[in-house]
Amino acid sequence: MDADKVTVPKDYTIGFIGGGNMAFAIASGLLQKGVVQPDQIYVSATNLEKLEKRWSPLGVTHTTVNNVEVLQNATTIFICIKPQVLPQLCEEFNMKVCPENREAAVHQVAVRTHEKLLVSIMAGVTLNRLQDDLKCLEPTIFVRAMPNTPMQVGVGCIAYCIRPFQNGTPQIKRNCELLKSMFDVLGIAFEVPESQIDAITGLAGCGPAYVYQFIEALADGGVKQGIPRAMALQFAAQTVMGAAKTVLDTGKHPGVLKDEVCSPGGATIHGVHALEQGALRSTVMNAVEKATERARNLS
């Protein structure tokens, strides 16, 4: 399937429990690419006024403070809340959805979940924990994903793993294929072993923040040398984008490309020396390591 021409059927709806930055990035990317229409999106959050203010410019009108409403209406539901809020969400679903919860029978809502996908982007929350905490939603298919915010402009990174399932219906298989296709539209996507998700969180999930800091520092360096700030920022961002695209398009190792820019005795090698003196590479590696450790600790 051509990643640039993916559209989902009108009966395929997408829900977001939590309407923050990552949910907004995923939805923005899908809408920008024409994969879904605004009326196919459902979003819930605790503050309806803020939710509507942020999401209405996208044309999304299905906004609510009721998480169960999203669960009811969406084919694929992204859980975009902080890991520490998960117990509260599980309690809500256990009280309002689980048929075995007789004490809460008066509050229960009929939710058909057996062909839905539940996609968690919560750092550190394992598939086993999801299944254990949300047993009431079985046999929903659980997916763990680690996206990053550049998805909103179609150049994101998404790593994901789908909990193995047996005897999946054609509808489940279709929904899984549609999810994979949507991920491909949003950037580059890899299905990986769950054991790699935390490290990918430290690298690609957190990575944009590292790059934004580098762009800011690069621009500040230009300003220090007399370049107007707006121009320096454009040059810095374009330089980073161009270098990244060169790596991806040529397939050359970054070290080889770096050597191609460094003329003997030239300006570039003097700048590279300064970066080495500042331990740039070691610092970036430490950042990935620290973020990975934090993601693991969250579990």
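Presented here is an overview of the structure given in this document.

Procedures and definitions
Once a new chain begins, its residue numbering starts again from 1 and follows that chain's sequence as written. In view of the model being predicted, local features appear only for residues whose pLDDT reaches at least 70, and side-chain atom pairs are presented and counted only at 80 or more, with totals across whole chains, interfaces and linings using the full set of residues. Heavy atoms throughout the structure, all of them, feed into the side-chain values; hydrogens and water do not. The way it works is that DSSP assigns letters per residue, a run of H or I at least four long becomes a helix, a run of E at least two long becomes a strand, and they are numbered from the N terminus. Note on classification: 1.4 Å probe, protein chains only; a residue is buried when its accessible area is under 20% of the maximum for its type, exposed when over 50%, partly exposed between these limits. Residue contacts follow a heavy-atom distance rule, with two residues in contact if any of their heavy atoms lie within 4.5 Å. Salt-bridge detection follows one rule: a side-chain nitrogen of Lys or Arg within 4 Å of a carboxyl oxygen of Asp or Glu. At least two DSSP bridges between two strands are needed for those strands to be called paired.

## Considerations on the overall build of the protein chain
What the protein chain contains, in helices and strands, is 12 helices and 8 strands. Oriented by its inertia axes, the alpha-carbon framework of the protein chain measures out at about 75 × 35 × 35 Å. Within the protein chain, the proportion of its 299 residues that are buried is 42%. For the protein chain, the proportion of contacts with a sequence separation of at least 24, taken over those separated by at least 6, is 68%.

## A closer look at the pattern of salt bridges
On inspection of all chains with the given rule, the structure shows 12 salt bridges. A salt bridge links Glu177 to Lys180; the nearest nitrogen and oxygen atoms lie 3.9 Å apart. Note that Glu177 and Lys180 are positioned in helix H6 (residues 170-185) at a spacing of 3 residues, about one turn of the helix. The class of Lys180 is partly exposed, set by a relative accessible area of 22%. Salt-bridge contacts for Glu191 lead to Lys180; the nearest nitrogen and oxygen are separated by 3.5 Å. Placement of the pair is Glu191 in strand S8 (residues 187-191) and Lys180 in helix H6, with a sequence separation of 11 residues. Residue classification places Glu191 among the partly exposed residues on the basis of a relative accessible area of 45%. What emerges from the salt-bridge pattern is a single network uniting Arg144, Glu194 and Asp198.

## Overview of the pairing of strand S6 (residues 141-147)
Along a regular strand, successive side chains alternate from one face of the sheet to the other. The buried count for S6 comes to 7 of 7 residues, which makes it a mostly enclosed element. Burial along S6 is two-sided: Ile141, Val143, Ala145 and Pro147 facing one way and Phe142, Arg144 and Met146 facing the other are all buried. Where strand S5 (residues 117-120) lies against S6, 4 bridges are found, and the strand directions are parallel. Residue pairing across strands places Ser120 opposite Arg144, the latter belonging to S6. Two elements, S6 and strand S7 (residues 156-162), share 5 bridges in a ladder whose sense is antiparallel. Bridging across to S7, Met146 finds its partner in Ala159.

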